[in-house]
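Structural overview
Here are the chains, one letter per residue:
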Amino acid sequence: MKKTKSRAKQMLLASTLAVVSWSGAVQAEDAPGMFRSEFLQGNMGWPEVTAKARAEGTVNFYYWGGSDIINLWIDQVATPALAAEGVTLNPVRITSTKDTVDVVIAELAAGRGEEEGSVDLVWVNGENFFSLKQQNALWGAFADRLPNSVNFEWDESDPRSLLNLRDFGVETGLQEMPWSGEQYVCSVNRAHVPVDQTPATFAQLKAYLEANPGKFTYVKPPHYLGNTFVQSVLYAHNPDGTGAAPYQKSFEELGGAELARLMEPGMEYLKSLEPLLLGGANGSPRYPENSDELDNLFLNSEVHFDCKFGVFANHNGLITGTYPEQAEEMIFPVGNMIKNKNYLTVPLNSPHPAAALVAINYFSSVGAQASKLQAAGMPVGLDLWRLNDEDAAEIAAAAPPHYGVTQQELDANIAPDTNASLVDVIEATWLAVIERKEDKPLADIVAQVSGELNN
């Protein structure tokens, strides 16, 4: 009888210990950071991710909400699609991505660590991604671990992977997933410019303007459209003939003196162009403040060209009546049509990280990308050569038409964006040299503006 009671006590103790051990394991699995650790180490399958996402229930998606057609697509297509996967999409429409980045960084600084923040998912690129990376505020290298990562090129030996592995020259470290892609494309008004007079290089542009003064301008830096035009000029006038290559380095790697040496021919070209720009003959070249102002000049034939980011800007301009009826795209500048991608990333303290991964995987699907392209004219972020024939045909069928050029020609003239750490220095140099007409060696100007930016 005593042995029976002793055995019963032992069984009760073992059972209790098992429950405690199981409870502890569950708590450990649910502890902040455990999911991130297990997923990034490859110890968690996708079914486990989706199950946790359903348990989390919600994903707070912070994105620029300035486009009605993108907002409509988010509400009418993306939200129901994610609901079918058990995740409620909470779209938080913002006017400045930098503000959201500041929120994430401030929350982390205040001690709101893993799974304790307010932002799950951010539409980001360039300097904003750079800021998050600098502050160690990113969730981790998730991008090649999602099922739909097969739609992207990750092989470093393939040069086509560059836009997935570098964002404004900054290594992504697989910490963001491409969502869309854009290219700096110029349109020309065929009512004024025949094909055989269409410039393809900056030398040809200058020759055209010498014959047709005042018929070109570009958006004023520091607007990103103006910065991009300046960067393409710098690439084309690289004294070493290496184009965009050195501009992929950080300011720290390159150094101010070397940056000034590389920039000098391009800045001289921009100075020589000033008298030939709109209003330049009167000594007051006119630089529009944004793309809408440039579109108006183009529509009214005050300028013959319109350069901005937008693979389908020409199509959208024609259907909305903001471009002249005879507008066509052009290949300019040859070999230096800057293209970048924009991305989706997860902050380190995302409160619903599994739901964020499920949302990103959906946004990376062929169906979602084709739908977004067709409904919102938003170019795909995935890499078409990675798709099978059926999926590639679905994307092709969804794409708006091009006018005067082919997609293959656009793809053949891609150049990468400038390293994020150089952007502010280049725009500040433009303001000093072009706007303020500072008359001193470029190396001194670069040293001055870089010093001011770092203080």
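Residues numbered from 1 in each chain as written. Predicted model: local features only at pLDDT ≥ 70, side-chain atom pairs only at ≥ 80, totals over all residues. Heavy atoms only, no water.

1. Side note on the packing of aromatic side chains
Going through the model one piece at a time under the given rule, you end up with 26 aromatic pairs. Relative to Phe 363, the ring of Phe 61 has its centre 5.4 Å away and its plane inclined at 45°; by these criteria the two rings are tilted. Of this pair, Phe 61 sits in strand 1 (residues 58-64) while Phe 363 is found in helix 14 (residues 353-363), placing the two residues 302 residues apart along the sequence. An identical accessibility class is assigned to Phe 61 and Phe 363; each is buried. A centroid spacing of 5.0 Å and a plane angle of 85° characterise the contact between Trp 123 and Trp 179, whose relative ring orientation is edge-to-face. (Phe/Tyr/Trp six-rings, centres within 6.5 Å; stacked < 30°, edge-to-face > 60°. Helix = DSSP H or I, 4+ residues; strand = E, 2+ residues; numbered from the N terminus. Buried < 20%, exposed > 50% of the residue type's maximum accessible area, 1.4 Å probe, protein only.)

2. What to know about the pattern of salt bridges
Considering all chains together, one arrives at 19 salt bridges under this definition. Where Arg 36 meets Glu 114, a salt bridge forms, and the shortest distance between an N and an O atom there is 3.0 Å. Separated by 78 residues along the polypeptide, Arg 36 in helix 2 (residues 34-40) and Glu 114 in the loop between helix 5 (97-109) and strand 3 (121-124) bring together distant segments of the chain. Accessibility expressed as a relative area gives 22% for Glu 114, which makes it partly exposed. Taken together, the shared-partner salt bridges in this structure form one network comprising Asp 240, Glu 258 and Arg 261. (Salt bridge = Lys/Arg side-chain N within 4 Å of Asp/Glu carboxyl O.)

3. Digging into the packing of helix 18 (residues 420-435) against helix 19 (residues 442-454)
In contact at an axis separation of 9 Å, helix 18 and helix 19 are set at 125° when each is read in the N-to-C sense. Relative to helix 19, helix 18 is oriented oblique. Between helix 18 and helix 19 lies a crossing whose hand is right-handed. Listed contacts from helix 19 to Asp 424, Val 425, Ala 428, Thr 429, Ala 432 and Val 433 of helix 18 are Leu 442, Ile 445, Val 446, Val 449, Ser 450 and Leu 453. Classifying every residue of the contact of helix 18 with helix 19 by side-chain character gives nine nonpolar, two polar and one charged. (Axes fitted to C-alpha atoms, helices over the stretch in contact; angles between N-to-C directions. Parallel < 35°, antiparallel > 145°, perpendicular 65-115°, else oblique. Left-handed = near helix turned anticlockwise from the far one by under 90°. Contact = heavy atoms within 4.5 Å. Nonpolar A, V, L, I, M, F, W, Y, C, P; charged D, E, K, R; others polar.)

4. What to know about the side chain of Asn 227
Within the secondary structure layout, Asn 227 lies in helix 9 (residues 224-236). A relative accessible area of 8% places Asn 227 in the buried class. Side-chain polar atoms of Asn 227 contact the backbone oxygen of Pro 222, separated by 3.2 Å. Side-chain polar atoms of Asn 227 contact the side chain of Glu 427, separated by 2.8 Å. For Asn 227, the contacting residues outside a window of four places in its chain are Pro 221, Pro 222, Val 423 and Glu 427. (Polar contact = N/O pair within 3.5 Å; in protein donor to acceptor, adjacent residues only side chain to side chain.)

5. Side note on the domain arrangement of the protein chain
According to the domain assignment, the protein chain contains domain 1 (40-181 + 341-409) and domain 2 (194-303 + 419-454). Relative to domain 2, the C-alpha centre of domain 1 lies at a distance of 32 Å. With seven residues of domain 1 in contact, the opposing surface of domain 2 contributes six residues. Around 510 Å² of area is buried between domain 1 and domain 2 when both sides are counted, 57% of it from carbon and sulfur atoms. (Domains from an automatic or database assignment. Buried area = accessible area lost by both parts, 1.4 Å probe.)

6. Some thoughts on helix 13 (residues 313-320)
Because an α-helix packs 3.6 residues into every turn, residues spaced three or four apart end up facing the same way. Along helix 13, the residues that are buried comprise Ala 313, Asn 314, His 315 and Gly 317. Check the buried side of helix 13 and you find it contacts strand 6 (176-189), strand 7 (305-309) and strand 8 (327-330). One or two positions beyond helix 13, positive phi appears at Gly 321, with a value near 80°.

7. A word on the side chain of Asp 295
Relative to the helices and strands, Asp 295 resides in helix 12 (residues 291-299). Discounting chain neighbours no more than four positions away, the residues touching Asp 295 are Asp 306, Lys 308, Thr 322 and Tyr 323.

8. Some words on the confidence of the model for the protein chain
A residue-level look at the protein chain finds 93% of positions with pLDDT of 70 or above and a mean pLDDT of 92. Across residues 1-9, confidence stays below pLDDT 50; counting only partners more than four residues off in sequence or on other chains, it has zero contacts. Taken together, the stretch residues 11-28 has pLDDT below 50 and engages in one contact with residues farther than four places along the chain or on a different chain. (pLDDT = per-residue confidence, 0-100.)

9. Overview of the environment of Glu 127
Within the secondary structure, Glu 127 is located in helix 6 (residues 127-134). Given a relative accessible area of 31%, Glu 127 falls into the partly exposed group. In the structure, Glu 127 is positioned 49 residues away from Glu 176 in sequence and 13 Å away in space, judged by C-alpha atoms. Apart from the residues lying within four places of it in its own chain, the contact partners of Glu 127 are Ala 420, Val 423 and Asp 424.

10. Concerning the environment of Gln 248
Summarising the element assignment, Gln 248 is placed in the loop between helix 9 and helix 10 (251-254). For Gln 248, a relative accessible area of 15% puts it in the buried group. Along the chain, Gln 248 and Ala 31 lie 217 residues apart, while their C-alpha atoms are 40 Å from each other.

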